[in-house]
Structures are given as structure tokens and as C-alpha cells.
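Given next are the chains, with one letter for each unit.
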Amino acid sequence: MSHSESRSALGARVETILTATPVTDIHTHLYDPAFGDLLLWGIDDLLVYHYLVSEAFRWLELPYDKFWALPKARQAELIWDALFVKHSPVSEACRGVVTTLHALGLDVRARDLPALRKWFAQWKPADYITRCMELAGVKSICMTNSPFDDLERPVWEKGFNRDERFTAALRIDPLLVSWGDTAPILAGWGYQASGSLTDRTISEVRRFLEDWTRKMDARYLMVSLPPDFDFPADTTTARLLAKAVLPHCRDHGLPMALMLGVKRQVNPALRMAGDGMGRSRLVALERLCALFPDNKFLATVLSRENQQDLCVLARKFRNLHVFGCWWFTNVPVIIEEMTRMRLELIGLSVTPQHSDARVLDQVIYKWRHTRRILARVLTDKYADLAETGWDVTDADIQRDAQDLLGGAFARFCAKA
Ligand code: FIX
Ligand code: ZN
């Protein structure tokens, strides 16, 4: 913003450049089209998204099991009626559906679910993927890939031609959080793993991780952990991390992504919508970063109260890369606060957002809403600098936007 450039002209420049900068979406629950029906898309899947299920149950009176017994289309109708017809769709997850429909060129004023369904029915997944990625400005999508998922595993075992827009990340929650149930599963797959963590078991867990890292061409490993996760600790989780997972990651130069603060199944009747959250003990992450300097950690935390601590940790440890506004933090009020805090405390070596999309079409709203906030925050920062005469060129803005939308992440992953 030179003396002659107004704030709104600077803002327009930033917004235009951000919109034109393609993003690497580093954490989603979407699938390469080779996984067939596992890739969710379309209006009914948008409506039965678990974020909307928990909001709809604020209004619905039918018992949980009656809801789950209904076919997906009927569930979608109940949610549509409760959240879009009987009330205004102001929550972020509801607004997301409206943003998405509007961006796809649909008339949202009509509020006509049968008409929307008709429109979606014309699409073939292959074309629709391209359309959604175009509208979202997404160039690559990282999946969440679990060998423990019975629907997903056979596809990897059989092999398939990869769609180069989709990259993989190896998800290992069952291994780290329920070893008692997981050891026999590994044994059934031919790994000599037993319940107690003998040297033999550890080396077999490493062999399992090697096999799946290779099969998937995984870009990183990942786990979500409860608020009380501690390290070091005399727990199976901590020991498996220290002895098997982190040595594996180090030897392969792969980051370990830690998603901290989820309290699974606070209300099991809500199924996937029944998870809650809590404040994490970030001293555990501090010790991991300090004790494993040759490992790289990606981290995102669910609790708003943890966000400043996480930024300060990133200032202390260059083997830590902060990413995303995860789940319950993925609402404008918190995204804006977190993004400002991160830029002010860390600068541009962060990845401010991931979509966490479970339904393909969601990438459209998740990235539109995020780009709008990013533009506002960046514009404020540049405007503050401009008061001293420090003007940013378009090339400066482009470079910064690229860092935030995937460049800083790529550099972190490539680091020795
Ligand atoms: O652990 C995760 O990857 C979470 O993102 C999911 O478990 C969660 O259900 C979700 O979709 C949040 O956005
Ligand atoms: Zn997720």
C-alpha cells in the first residue's frame, strides 16, 4: 500500500492473488476416485455430514436409533427440513452448504431439495472432481488412509492407478490408541506382534509401517489423540510412538502429524457426530519436539485455549509445523483469531488451513471461506507495514500466498 494506494485497493490485490493461488489441501477424508463409493459427493452426502447431524439433533425429536435406521435420503430430508427450512442456516456448517450450492451455480433461494437432487444426478464423479477442485482452487488433496479400514484396505492390496491429484497419508490411530485390539489384527496379517511390547513386536510394528508407507507412498503419518495424551509416559501409546513410530518416521524423513484434543464418543448414540474435545497438555508436544530433534512434527489442536501455546512451541522448535483450524475451531470467529495469532507469532512458516472435507463438494466452501479470512488478515498486516513505507509488490504477495497455501508445508516435508 503505497501512499497513493487505499486500503481497499490493497485488499482487492491481496484477494485477487489469494484466489488465483492454488492450494495443497493437506488433510481431508476424501478418496482417489479409484476407491469408488468411498469418495462421497452430492447434496445428500453434504446434508448428512456429521457436523450437520449433531446440529439437526438440537431440533429433532425422534430417537437416535430411529434416525440411523432411515435411508440416507430420508436422513438428508430431515436435516434439510430442520436446519434449512424451519430455521435459517447460519451455523458455519450450514452456511457451507449454501456457499457450495451458490458457487456451483444453483439457485439457493428456491430451497427446493428435489430440484437440487436432480441437478447433482447429472454428474459423473470424474468430471465432478475436476469441477469442485477448480471452484475451490485446490491443486492437490491429501487423503487419510487407514490400513485398519476394511473398505479401504482391499483397494490398496489389489493396487490401482493413482490419480496424481490425490496424495496419501498413513493413519495409525488403532495402533497407537488401542494396541490391545490391534496386536491380534497385525498378527492375523502375518506380523509377529504380541500384546506386550517386546523387541520382536516393535520390529514387527516397524515392518508393518514400512510396508504400508511404501504401498501408499505416504507423505506423512498421522494420529489423533485425546486431551490427556502425555509424553514421556508409561503408556503403550507413548512407548509405541518412541520405539516404533518415530524411528520409522525419522528413517523415512516423514513428518508425524499429531492432532491433539479429541475426546472420542462423548455421545455414542450420535455415532460419528458424537466426538467431543478437551484442552491438551502441550508439554507433551514440547517434550516430543525436544527429545526427537531428528523427527518432524505436524500439529493441530482442537482447543481454542491451546492455540497460543502451540504458536510459542513453533517458535522454539523448527521441527514443528503448525497446521489447520481443526473441526470445532473451523468457524470464522476462531479461524480469524488463530490466523492472526499465527502470523503475528510465527510469520509465514505455517499452514493456516486444511479442509478436513469428508464430502468432495465441501472443499468449495471450506476454501472460499478460508481465503476470505486470510485475505483480511494479510491485508491488515501489509497495511500496518505500509505505514512505514514498506510496500508489498504483487510478487511479494504471491510468494507469501504460496507459502501459506502449501509452499511452507512442502518445504517442511522436504527438509532433511
Ligand atoms: O481425526 C480426524 O481426522 C477428524 O478430523 C475426524 O475424526 C472428524 O470426524 C472430522 O471429520 C473433523 O473434521
Ligand atoms: Zn480429519
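See the structure above.
For clarity, every value in this text was computed on a predicted model and none was experimentally measured. (Residues numbered from 1 in each chain as written. Chains lettered and ligands numbered in written order. Predicted model: local features only at pLDDT ≥ 70, side-chain atom pairs only at ≥ 80, totals over all residues. Heavy atoms only, no water.)

**Describing unusual backbone geometry**
Now for step 1: Looking along the chain, the bond that leaves Phe-231 and enters Pro-232 is cis, with omega of -10°.
Now for step 2: By secondary structure assignment, the location of Pro-232 is in the loop between β4 (218-225) and α13 (236-252).
Now for step 3: Phi is positive for Asp-217, which is not a glycine, with a value near 55°.
Now for step 4: When you line up the elements, Asp-217 lands in the loop between α12 (199-216) and β4. (Helix = DSSP H or I, 4+ residues; strand = E, 2+ residues; numbered from the N terminus.)

**Let's talk about the environment of Gly-42**
Now for step 1: By secondary structure assignment, the location of Gly-42 is in the loop between β1 (23-25) and α2 (43-47).
Now for step 2: Owing to a relative accessible area of 4%, Gly-42 belongs among the buried residues under this scheme. (Buried < 20%, exposed > 50% of the residue type's maximum accessible area, 1.4 Å probe, protein only.)

**Notes on the site of ligand 1**
Now for step 1: Around ligand 1 sit His-27, His-29, His-50, Tyr-51, Arg-171, Ser-224, Met-259, Arg-264, Trp-326, Trp-327, Asp-356 and Arg-358, and those are all the residues in its vicinity.
Now for step 2: The contact in question runs from an oxygen atom of ligand 1 to an N or O atom on the side chain of His-50, over 3.0 Å.
Now for step 3: At 2.5 Å, a side-chain N or O of Tyr-51 approaches an oxygen atom of ligand 1.
Now for step 4: If ligand 1 stood free it would expose 330 Å²; the protein chains cover 97% of that surface.
Now for step 5: When the residues that make up the shell around ligand 1 are grouped by side-chain class, the tally is four nonpolar, four polar and four charged. (Near = heavy atom within 4 Å. Polar contact = N/O pair within 3.5 Å; in protein donor to acceptor, adjacent residues only side chain to side chain. Areas by Shrake-Rupley, 256 points an atom, 1.4 Å probe, with all protein chains shown as cover. Nonpolar A, V, L, I, M, F, W, Y, C, P; charged D, E, K, R; others polar.)

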